[in-house]
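A structural walkthrough
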Amino acid sequence: MTITERGQRLLGVRPDEGRTVWLFFLHNFLLGVGTILVYVAANVLLLENNPERNLPLAYGVAALAMLATGQVYAHFEHHWLLQKLAVRVLLAAVALTGVLGVLVATGHSVAAAVAIMAGYRVIYLLTNLEFWGVSAVVFDVRQGKRLFGIISAGDMPAKAMGAVLAIFIHSNADLPWLLGTAFGAYLLALLALRATLRSHVVEAAPVARRARPQAVAPGLRRWFGDSQMVQTMCLSLLALAAVTTGIEYLFFVNVKHRFHDEAAIMRYVGTVLVSTYLVAMLFKLLLSQHTVDRLGVRWVLLALPVAILLGLGLYGGLNRADTERTLLYFCGLYLGLEVLRRAVFDPVFLLLFQPLTPTERLQAHTLAKGLYEPLGMALGGGLLFALHALPGGQTWAPFLWMGLLMAGVLLLLLRTYRQYVAELQHALSRRFADDTTEPAAAAPTAEAAAPAASPASIRQLVRQLPSKASRPQATQQLLRLGDAALPTLAEVLSTDADQSVVRRVAQVCGRLRTPASRQLLVALARQPHLFRREMALRALRHFDVVPHEVPLFQALVHDELQLGQQLLHGQATASADLASCLDYELLRTQQRVFALLGQIYPPQLIADAQRGVANAARERQANALEILDNSIARPTYQGLQALLSLAPPAEKERVFDRLLGPLLAPAPIVETIMERGETAFTDWTVRTALDHWQPTAATVAALSPHLRSASLLVRESAFAILARLASQQPSLYQQVNAAHQTLDNLLMSHAATTSHISAAERVAVLQQTALFAETPENVLSSIVPIMHEVSFAAGQQIFAKGDLGASLFIVYEGQVGIFNGAQQLATFGKGDFFGELALLDAEPRSASAVAQGAATAFRLDQEDFYDVMEERPEVLRNILRVLCQRLRRQNEALQVAK
């Protein structure tokens, strides 16, 4: 691992983000160089001329200038593309720096000093809006959480450098050199911006979303936008800016009172600023991400107002006659404010904008920084100026109004966090209302109740559930029976091994939605057989959370995470094919964890988050992870995030070992799969493990249940091992034979039911077909039982044009021609498929299919395939993808023909 890679890993920067992060860091560093040099020049002039009166005046003028600049920026933000706006902003900063240089060279009056301070604030605002505007579009909410602290740390060393210069610059003659350097820094920042724009699409594209359930009142939308969160954030930033102005003012005034020599003042101020910026930089780079990860957004957001309130409260016990101690207090208050604000608060505060749409995000940021922060500065400067001449105006009065405002900030930020979570939910919600929830079955009334049914008749109804033809009527009869049918249904669930029956019975219980049916499903979810758990959890989605059952589901989540830990450790030693199977098992584990969380937390929130993490859009995935991070228990979130992430298995192992404790002596993964079998793993995973299993006298007994498996895939592999033992390890074969009194019967039964095309071959055929090429073998194995082998003689018609289509065909051997009358449209060979539209609708065939010689094919019937798609939705997604590709190619061919 190189030094660069180690550094990126330490900072939490992923390899594909490295160049982008360092470009933003460099960009911010150069902006910081230019801005701090202008700031030093402004302060040198202002501290020479009665700062007690002129500093509040400068704050007021700067606020007015910033307000005007913010309005101009907002205008062009609506009319220019973001790329163009960002470049123009930096050019404006360069031009404004030149104007300030002229002011410094020609005027040394108070008016010139105030104008330079206002110019500094305007430049700071413009560069801030430009930098964070581009960042907000390039990074999503999760990247922002990890990286905003890092990229914003770029200006810290620059500001520290400017503070060092302030220590050595004491005369106006040196100021033009500072502004000239700032001019060059802004030009270099422009080059860094152009490099960023070349490597990224920087565009605030509009995104359609549902209307917010609680939006800002129409009369206030001009000032706050449509989001209540933005309204609360803007008000909190206004109050915080006023307090920041007050603390900065008190710090500079007390320094002026303590040191009368100009050189001493600049040395002291410069030293404090250097310390502040270096501490802030180290915190941003090394601790910011870990602090947010450990404490969460809420507590990091509240850290600043709580710390400042405590700091303001310490003033009451201060001996103000002791000037040294008083100056130390103001120095600590200012340093603490700057470090917390720059290193902790600002990155998280800016993160809160990320759930908004890109256009709303930019508008909200411009409102906050271009309108409400300047208003806060004006409010602080106005209060300081108005109270300056009054009794206590320089002692207790500022602390009174700053304390009140900071208490308001604390309350507003608490509300902001709740609205932030609501914005995440809004970002993940469906664009259109979803009214497709299946209604609960009405409880039978005394008048309408079906006559009592015997257990035998209920079992008869259950046997009708797997059939599509009889299922609707059987389901309705069971629903009319209500809770009276549950004892027999519970008996079926405990004794019937047919997965299709279990699934249908669980669905009936889910539709009943009575406390008794819920208890039956909860009992099913607690079983160690994970397929049954999946079916129960799928049916429980229709029920609300029951508080007293939450600990039970939390324990099941813990069990699932422990299974995930075993699978991750198993991947480290597994062969490539088995590791691929374990990837799918981890996906199933992740899906079960989501389903369990839906029984612990608000089901709609979890369902939206699950849809979001599976969405192709990066922004939606990030919002989904963020809402989980702010909604569920942190250890559970960290385990789930590890399952969802694309990190190497070894890194995921470390996360699980930290959360659950290390596995002291983990059993080999093949042995674990052999022991738990199809109760915990899909049949393809069990089959793959059987292929890698090396039985011994101590473990060969694990073969027994696999010889009786309902899955043809598993039975084939188990009997292949048995045949190998008979020829190579007779003693182990005899051990198996002694344990099975009916082994000969099993062998004969297996030989009688085995096709000349094995189940494993059928999976290979499916995977070589374009329709299923990207579907995992673990899913394809569920299609094997419905693959009907059919043979055709040369010239035999498979189906005719106009026949009602209900089957898809996959060619295994030979060739099949597709005809429209006498015209041959296409010829399909091994691995090709035809008739696929019949899987989605039962319309008449659009052409005829005829065998071009002896041919063998597999037929998949629509009714059977619907059951598979219901169980494995990814099959349907792949079919739709392939059909869309075909339609696109046909459209392109038509365009070329025209």
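Look above for the structure.
Read on for a plain summary of the structure. (Residues numbered from 1 in each chain as written. Predicted model: local features only at pLDDT ≥ 70, side-chain atom pairs only at ≥ 80, totals over all residues. Heavy atoms only, no water.)

1. Description of the packing of aromatic side chains
Inspection of the entire model under this criterion finds 25 aromatic pairs. For the ring pair Tyr 315 and Phe 399, a centre distance of 3.7 Å and an interplane angle of 10° mean the geometry is stacked. Taken as a pair, Tyr 315 in the loop between helix H11 (262–313) and helix H12 (323–351) and Phe 399 in helix H14 (residues 396–428) lie far apart in primary sequence, 84 residues in all. The pair Tyr 315 / Phe 399 is uniform in exposure class, with both members buried. When the centroid spacing of 5.4 Å and the interplanar angle of 10° are considered together, the rings of Phe 809 and Phe 834 count as stacked. Remark: Phe 834 occurs in strand E6 (residues 833–834) and Phe 809 occurs in strand E3 (residues 807–813); sequence separation between them is 25 residues. (Phe/Tyr/Trp six-rings, centres within 6.5 Å; stacked < 30°, edge-to-face > 60°. Helix = DSSP H or I, 4+ residues; strand = E, 2+ residues; numbered from the N terminus. Buried < 20%, exposed > 50% of the residue type's maximum accessible area, 1.4 Å probe, protein only.)

2. A closer look at the pattern of salt bridges
Any two side chains of opposite charge can pair, so long as their charged atoms come close to each other. Counted according to the given criterion, the structure contains 20 salt bridges. Between Arg 611 and Asp 608 there is a salt bridge, and its shortest N-O distance comes to 2.3 Å. Taken as a pair, Arg 611 and Asp 608 lie in helix H23 (residues 603–613) at a separation of 3 residues, close to a single helical turn. A residue is classified by how much of its surface remains accessible, and Arg 611, at 28% relative accessible area, is partly exposed. Notably, a salt bridge pairs Glu 789 with Arg 762, separated by 3.5 Å at the nearest N-O pair. With Glu 789 in strand E1 (residues 788–792) and Arg 762 in helix H33 (residues 759–767), this pair connects stretches of sequence that are 27 residues apart. Through salt bridges with shared partners, one network takes in Glu 338, Arg 341, Arg 342, Asp 346, Lys 369 and Glu 373. (Salt bridge = Lys/Arg side-chain N within 4 Å of Asp/Glu carboxyl O.)

3. So, the sheet that holds E6
The 4 strands are arranged E1-E8-E3-E6 in an open sheet whose pairing can be described as antiparallel. The sheet is open, and its two edges are formed by E1 and E6, each paired on a single side. Examined bridge by bridge, E3 and strand E8 (residues 855–861) share 6 bridges and lie antiparallel to one another. Among the inter-strand pairings, Ser 807 is bridged to a residue of E8, identified as Asp 861. Along the sheet face, H33 touches E1, E3 and E8 and points at about 105° away from the line of E3. Of the strands in this sheet, E1 and E8 are in contact with helix H35 (residues 862–871), which crosses E8 at around 60°. (Pairing = 2+ DSSP bridges. Contact = heavy atoms within 4.5 Å. Axes fitted to C-alpha atoms, helices over the stretch in contact; angles between N-to-C directions.)

4. Some remarks on unusual backbone geometry
For Arg 513, which is not glycine, the phi dihedral falls at a positive 55°. Along the polypeptide, Arg 513 turns up in the loop between helix H18 (499–512) and helix H19 (515–525).

5. Structural notes on helix H28 (residues 683–692)
In terms of burial, H28 is largely enclosed, as 8 of its 10 residues are buried. Listing the buried residues of H28 in full gives Asp 683, Trp 684, Thr 685, Val 686, Arg 687, Thr 688, Ala 689 and Leu 690. Next to the buried residues of H28 lie helix H22 (576–597), helix H27 (669–676), helix H29 (704–707), helix H30 (712–728), H33 and helix H34 (777–780).

6. A look at the sheet that holds strand E4 (residues 816–820)
The strand order E2-E7-E4-E5 describes an open sheet built from 4 strands, whose pairing is antiparallel. With partners counted over all chains shown, the strands left at the sheet margins are strand E2 (797–799) and strand E5 (823–828), one partner each. Across the sheet, the mean angle separating the axes of adjacent strands is 30° when strand polarity is ignored. Where E4 lies against strand E7 (residues 848–851), 4 bridges are found, and the strand directions are antiparallel.

7. What to know about the packing of helix H15 (residues 455–464) against helix H17 (residues 486–495)
Running from amino to carboxyl end, H15 crosses H17 at an angle of 55°, the nearest separation of the two axes being 9 Å. The orientation of H15 with respect to H17, classified from their angle, is oblique. Taken as a pair, H15 and H17 cross one another with a handedness that is right-handed. Where H15 abuts H17, its residues Pro 455, Ile 458, Arg 459 and Val 462 lie against Thr 488, Leu 489, Glu 491 and Val 492. Partitioned by chemical class, the residues of the contact of H15 with H17 number 5 nonpolar, 1 polar and 2 charged. (Parallel < 35°, antiparallel > 145°, perpendicular 65-115°, else oblique. Left-handed = near helix turned anticlockwise from the far one by under 90°. Nonpolar A, V, L, I, M, F, W, Y, C, P; charged D, E, K, R; others polar.)

8. Some points on a positive patch on the surface
Side chains of Arg 19, Lys 84, Arg 88, Arg 194 and Arg 198 sit close together on the surface and give a patch of like positive charge. The set of elements that each furnish at least two residues to the positive patch consists of helix H4 (82–106) and helix H8 (175–199). Along the chain, Arg 194 falls in helix H8. Take Arg 194: its relative accessible area is 40%, and that puts it in the partly exposed class. (Patch = residues over 30% accessible without salt bridge, like charges linked within 9 Å, V, L, I, M, F, W, Y side chains within 5 Å. Areas by Shrake-Rupley, 256 points an atom, 1.4 Å probe, with all protein chains shown as cover. Lys, Arg positive; Asp, Glu negative; His and termini not counted. Charge placed at Lys NZ, Arg CZ, Asp CG, Glu CD.)

9. Re a nonpolar patch on the surface
A contiguous nonpolar surface patch, about 240 Å² in accessible area, is contributed by Leu 57, Val 61 and Phe 385. For Val 61, a relative accessible area of 34% puts it in the partly exposed group.

10. A closer look at the pairing of E8
Across the 7 residues of E8, 6 count as buried, placing the element largely inside the fold. Bridge analysis of E1 against E8 gives 5 bridges, and the strand direction is antiparallel. If you follow Phe 792 over to E8, its bridge partner there is Ala 855.

11. Topic: H18
Along its 14 residues, H18 runs 20 Å from first to last C-alpha, staying within 8% of the 20 Å computed at 1.5 Å per residue. Along H18, 10 of the 14 residues are buried, which leaves the element largely enclosed by surrounding structure. For H18, the complete set of buried residues consists of Val 501, Val 502, Arg 503, Arg 504, Val 505, Ala 506, Val 508, Cys 509, Gly 510 and Leu 512. For H18, the elements touching its buried residues are H15, helix H16 (471–481), H17, H19, helix H20 (530–540) and H35. At the exit of H18 stands Arg 513, carrying a positive phi of roughly 55°. (Expected span 1.5 Å × (residues − 1).)

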